[in-house]
Amino acid sequence: MLVVLYHAAGLAAAKSWSGDQLNTLTDALLTVRMPLFFAMSGFFFLRRVDRPWSWQLRNRAGPFLWLYVLRTVLWVLAFHVIPWQRESEYGFGDAARLFFEPGVGPWYIYALAIYFVAVKLMRPLPVWAQFLIGAAVSLPVACGFIEPNSWAWTTLLSHFIAFQIGALGSAVLAGIADRATLMRLLGFGLLWGFGSGVLFFLFDSLDNLGRIPVTLLGMAMGITAASLMARHIPWLHFDRLGRHTLPIYLLHVPLLGVLYSIDVDLPANPAVSIGVPLLFTALAVVGSLAIWRVRRPIPGLFTAPWTGDGANTRSPRISETPSGRHRSDAQKSSEKAGRPAR
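Residues numbered from 1 in each chain as written. Predicted model: local features only at pLDDT ≥ 70, side-chain atom pairs only at ≥ 80, totals over all residues. Heavy atoms only, no water.

The name given to the chain in an unreviewed UniProt entry is Acyltransferase, with the source organism recorded as Corynebacterium variabile. Turning to the chain, the UniProt annotation filed under Sequence similarities (unreviewed entry) states: "Belongs to the acyltransferase 3 family." (UniProt positions renumbered as here; feature names shortened; annotations may be inferred.)

This part is about the overall build of the chain. Within the chain one finds 16 helices and four strands. Counting only residues that meet the buried cut, the chain has 46% of its 342 residues in that class. When contacts within the chain are restricted to residue pairs at least 6 apart in sequence, long-range pairs at least 24 apart make up 75% of them. (Helix = DSSP H or I, 4+ residues; strand = E, 2+ residues; numbered from the N terminus. Buried < 20%, exposed > 50% of the residue type's maximum accessible area, 1.4 Å probe, protein only. Contact = heavy atoms within 4.5 Å.)

Here we take up helix H3 (residues 33–45). In an α-helix there are 3.6 residues to a turn, and that puts residues three or four apart on one side. The first and last C-alpha atoms of H3 sit 19 Å apart over 13 residues, in line with the 18 Å expected at 1.5 Å per residue. Along H3, the residues classified as buried are Arg33, Met34, Pro35, Leu36, Phe37, Phe38, Ala39, Ser41, Gly42 and Phe45. (Expected span 1.5 Å × (residues − 1).)

So, about the nonpolar core. In this structure, Phe38, Tyr108, Ile109, Phe163, Leu256 and Tyr260 are the most contacted members of the largest nonpolar core, which totals 51 residues. Every element with two or more residues in this core is listed here: helix H1 (2–12), H3, helix H4 (53–81), helix H6 (107–122), helix H9 (160–168), helix H14 (245–260) and helix H15 (270–295). The biggest single contributor to this core is H6, with eleven residues. When near neighbours in sequence (up to four residues on either side) are disregarded, leucine 256 contacts Val4, His7, Ala8, Leu11, Phe280 and Ala284. (Core = buried A, V, L, I, M, F, W, Y, C linked by side-chain atoms within 4.5 Å.)

Moving on, we get to the packing of helix H7 (residues 127–142) against H9. Their axes nearest at 8 Å, the elements H7 and H9 cross at an angle of 160 degrees. When the interaxial angle is binned, H7 and H9 end up roughly antiparallel. Residue-level contacts link Val127, Gln130, Phe131, Gly134, Ala135, Val137 and Ser138 of H7 to Phe160, Ile161, Gln164, Ile165 and Leu168 of H9. Of the residues assigned to the contact of H7 with H9, the class counts are eight nonpolar, four polar and no charged. (Axes fitted to C-alpha atoms, helices over the stretch in contact; angles between N-to-C directions. Parallel < 35°, antiparallel > 145°, perpendicular 65-115°, else oblique. Nonpolar A, V, L, I, M, F, W, Y, C, P; charged D, E, K, R; others polar.)

Any residue range with low pLDDT should be treated as having predicted coordinates unsuitable for detailed reading. Summarising the model, the chain shows a mean pLDDT of 86, and 89% of its residues fall at 70 or more. Contacts from residues 318–342, a stretch scored under 50 in pLDDT, to residues over four places away or in other chains number 22 contacts. (pLDDT = per-residue confidence, 0-100.)

Let us now look at the environment of methionine 1. Take methionine 1: it is sitting in the segment before H1. With relative accessibility at 54%, the residue methionine 1 sits in the exposed group. C-alpha of methionine 1 to C-alpha of phenylalanine 238: the two residues are 237 residues apart in sequence and 9.8 Å apart in space. Residues contacting methionine 1, with those up to four places away along its chain left out, are Phe238, Leu241 and Thr281.

Attention now moves to the side chain of serine 170. Turning to its location among the elements, serine 170 is positioned in helix H10 (residues 170–178). When sequence neighbours within four positions are dropped, the list of residues in contact with serine 170 reads Phe43, Leu46 and Ile165.

With that settled, the discussion passes to the pattern of salt bridges. On inspection of all chains with the given rule, the structure shows two salt bridges. The salt bridge partner of arginine 243 is aspartate 239, with a shortest N-O separation of 3.4 Å. Placement of the pair is arginine 243 and aspartate 239 together in helix H13 (residues 238–243), with a separation of four residues, close to one helical turn. Overall, arginine 243 belongs to the exposed group, its relative accessible area being 58%. With a relative accessible area of 41%, aspartate 239 lands in the partly exposed category. (Salt bridge = Lys/Arg side-chain N within 4 Å of Asp/Glu carboxyl O.)

Considering all chains together, one arrives at 19 aromatic pairs under this definition. Centroid distance phenylalanine 37 to tyrosine 108: 4.3 Å. Interplanar angle 20 degrees. Geometry classified as stacked. Residue phenylalanine 37 is located in helix H3, and its partner tyrosine 108 is located in helix H6; the two are separated by 71 residues in the primary sequence. The burial state of phenylalanine 37 is the same as that of tyrosine 108; both residues are buried. (Phe/Tyr/Trp six-rings, centres within 6.5 Å; stacked < 30°, edge-to-face > 60°.)

Shown next, in the form of structure tokens:
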């Protein structure tokens, strides 16, 4: 939801009625939004990290690379068909360089494929050595000491260590979630807010070493907030959004483009400049889920076109048994071979 809000606020900036209120907030949340997103991705990756390389390529890196290529093409088409309020910075020629210029498409899932392979390669090393390598890759870029030639590579390299924190420090993140209280949320929030204020008002930038503790506080604040929402307001069903993050991420950008292409004169006041991006964020989330529910049976659109064990591959064909229970092809093969299905 924070990612969708960030894009909604950014697209609103070209409108005559837009203000700086939401952009200021989304800029400050830079130390929360993607670090938390990647940390959670790493958190769930760890459970299957010891599977062989063939399994990882079939069920982890392969599906994300497939979706990245497919969605990059679809995004570029959308950028040229939808009457955007800004000129598209990428063209069809850039789509041919998608592996060298991730910003042309959904770079997040391209980053995941790279991170999966990197963490798997470093698995035999001690944890401290893995973190040392991750810090050497991420921190010089995140703190502005090294500047890649594109924003996408800057972001991709900066957040590798956040993915490592989720994968290698999963027990610490789970502990933060288990001990979540309102007082802890307020404590993390106040410290994060103070640190963010210092970075923005004294240094006018996040490109310094102060970004590291502020980002760690932001991640702790996000985990605590999510845990409290799941515990005390479950009727909002944010867990359902969490289970369907991928289709929201893949579909929300074109949907926001359609919404912002509607040319309506609105008064320039805080209620409009804040309310419209919030409304469009909600519509983009709901619309993404609605499109996904209709189109998800089509192989290859939201999963890899091949079958596998992961959530991002096609499920093996299911058959009905006389007792009413379902057995997959893999289960039937195991039973024929005299092995228990796993």
